[in-house]
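For reference, the chains in residue letters:
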Amino acid sequence: PPLVGPAQGVARWRGFVRDSEGRKTSIWARVRIVAALDQVITAEPLKAGEPIAAAQVRVERREGFPLRRTWLADVGEALGRRPRRSIPAGAVLDPSVLEQPFDVERGASVETEVRRGSVVLKMDGVAETSGRRGDRVVVKNPSSGRKFAARVEGKNKVVVCGS
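Below, the structure is looked at part by part. Quantities reported herein were computed from a predicted structural model and do not represent experimental measurements.

**A few points about the overall build of the protein**
- When you go through the protein residue by residue, the secondary structure sums to 0 helices and 12 strands.
- By the compact-globule yardstick of 15 Å for 163 residues, the protein is too spread out, its C-alpha radius of gyration being 25 Å.
- Looking at the protein residue by residue over its 163 residues, the buried ones come to 28%.
- Of the roughly 10300 Å² that the protein leaves accessible, carbon and sulfur atoms contribute 50%.

**A short note on the packing of aromatic side chains**
- One pass over the structure, following the stated rule, counts 0 aromatic pairs.
- Across from the ring centre of phenylalanine 16, 4.5 Å away, lies the NZ or CZ of lysine 24, which sits over that ring.

**Things to note about the nonpolar core**
- Judged by nonpolar contacts, Val40, Leu46, Ile52, Val57, Leu72, Ala78, Ile87, Ala91, Leu93, Val97 and Leu98 together constitute the single largest core of 11 residues.
- Residues Val104, Val110, Val137 and Val160 belong to the second largest nonpolar core, which totals 10 residues.

**A word on the pattern of salt bridges**
- This model, assessed by the stated rule, comprises 14 salt bridges.
- A salt bridge links arginine 58 to glutamate 60; the nearest nitrogen and oxygen atoms lie 2.7 Å apart.
- Take arginine 58: its relative accessible area is 35%, and that puts it in the partly exposed class.
- For the salt bridge of arginine 115 with glutamate 153, the shortest nitrogen-to-oxygen distance reads 3.7 Å. With arginine 115 in strand E8 (residues 109-116) and glutamate 153 in strand E11 (residues 147-154), the pair connects residues that are 38 residues apart, well separated along the chain.
- Note on glutamate 153: relative accessible area 25%, which makes it partly exposed.

**Section: unusual backbone geometry**
- The phi torsion at asparagine 156 lies on the positive side, around 55 degrees, for a residue other than glycine.
- Note on placement: asparagine 156 falls in the loop between E11 and strand E12 (157-162).
- Assessed through its relative accessible area of 27%, asparagine 156 is described here as partly exposed.

**So, a nonpolar patch on the surface**
- A surface patch of nonpolar side chains, amounting to about 260 Å² of accessible area, comprises Trp13, Val17 and Ile27.
- Relative to the helices and strands, tryptophan 13 is located in strand E2 (residues 10-18).
- Residue tryptophan 13 is classed as partly exposed on the basis of its relative accessible area of 39%.

**Description of the environment of aspartate 19**
- Along the chain, aspartate 19 turns up in the loop between E2 and strand E3 (24-32).
- Distance in space between the C-alpha atoms of aspartate 19 and valine 57 is 51 Å, their sequence separation being 38 residues.
- Of note is the side chain of aspartate 19, whose polar atom sits 3.0 Å from the backbone nitrogen of glutamate 21.
- Here arginine 23 takes part through its backbone nitrogen, which lies 2.9 Å from a polar atom of the side chain of aspartate 19.

**Observations regarding the side chain of aspartate 103**
- Of note, aspartate 103 is situated in the loop between strand E7 (98-99) and E8.
- A distance of 2.8 Å separates the side chain of aspartate 103 from the backbone nitrogen of arginine 133, its partner in a polar contact.
- Here aspartate 103 is in contact with Gly131, Arg132, Arg133, Val152, Gly154, Lys155 and Asn156, once residues within four sequence places are set aside.

**Examining the side chain of arginine 81**
- The topology assignment puts arginine 81 in the loop between strand E5 (57-64) and strand E6 (82-83).
- Apart from residues lying up to four places away in sequence, arginine 81 is in contact with Glu50, Pro51, Ile52, Leu72, Pro95, Leu98, Glu99, Gln100 and Pro101.

**A short note on the pairing of strand E9 (residues 119-127)**
- The pairing of E8 with E9 spans 8 bridges and is antiparallel. Residue pairing for E9: arginine 116 is matched across the bridge by valine 119.
- Where E8 folds back onto E9 in an antiparallel hairpin, the turn is made up of 2 residues, including glycine 117, whose phi is positive at roughly 65 degrees.
- In this structure, E9 lies alongside strand E10 (residues 136-140), joined through 2 bridges in antiparallel fashion. Paired with alanine 127 across the two strands is valine 139, which belongs to E10.

The rules behind each value
Residues numbered from 1 in each chain as written. Predicted model: local features only at pLDDT ≥ 70, side-chain atom pairs only at ≥ 80, totals over all residues. Heavy atoms only, no water. Helix = DSSP H or I, 4+ residues; strand = E, 2+ residues; numbered from the N terminus. Rg over C-alpha atoms; globule rule 2.2 N^0.38 Å. Buried < 20%, exposed > 50% of the residue type's maximum accessible area, 1.4 Å probe, protein only. Areas by Shrake-Rupley, 256 points an atom, 1.4 Å probe, with all protein chains shown as cover. Phe/Tyr/Trp six-rings, centres within 6.5 Å; stacked < 30°, edge-to-face > 60°. Lys NZ or Arg CZ within 6 Å of the ring centre and 35° of its normal. Core = buried A, V, L, I, M, F, W, Y, C linked by side-chain atoms within 4.5 Å. Salt bridge = Lys/Arg side-chain N within 4 Å of Asp/Glu carboxyl O. Patch = residues over 30% accessible without salt bridge, like charges linked within 9 Å, V, L, I, M, F, W, Y side chains within 5 Å. Polar contact = N/O pair within 3.5 Å; in protein donor to acceptor, adjacent residues only side chain to side chain. Contact = heavy atoms within 4.5 Å. Pairing = 2+ DSSP bridges.

Structure (structure tokens):
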């Protein structure tokens, strides 16, 4: 793909031409490449860290550089994700500034499994930290008040593995 310059869609394209005798001659050109693209746009300002709701975004057809996808094309790709920083209204949503939602939120009740060999103990716990599938989180036993580490396995589900 061409190297994108500071102006929207302006790029430097490098290539070559081959003459009838098979010799190559290098050439470059400054080009502006745009296409009509469906892009997810913010309908209102988005606050950092807050999940995106359907009313906060819409799809608009805009001109853009088609070779490197740095935007979302469907509202469903944005729903539930969280901006890493505040985003003003009317901005094209760049997926690189959005985080996936947590599977376990701090303060949420979590289904906890403790596995020791062939024994499995299930109990409720309270998440002390947030995390996504595969992350380690701190969970509090509401009965004893003790805290322990567990691995996130799914939505509001954690597992403590032991030997």
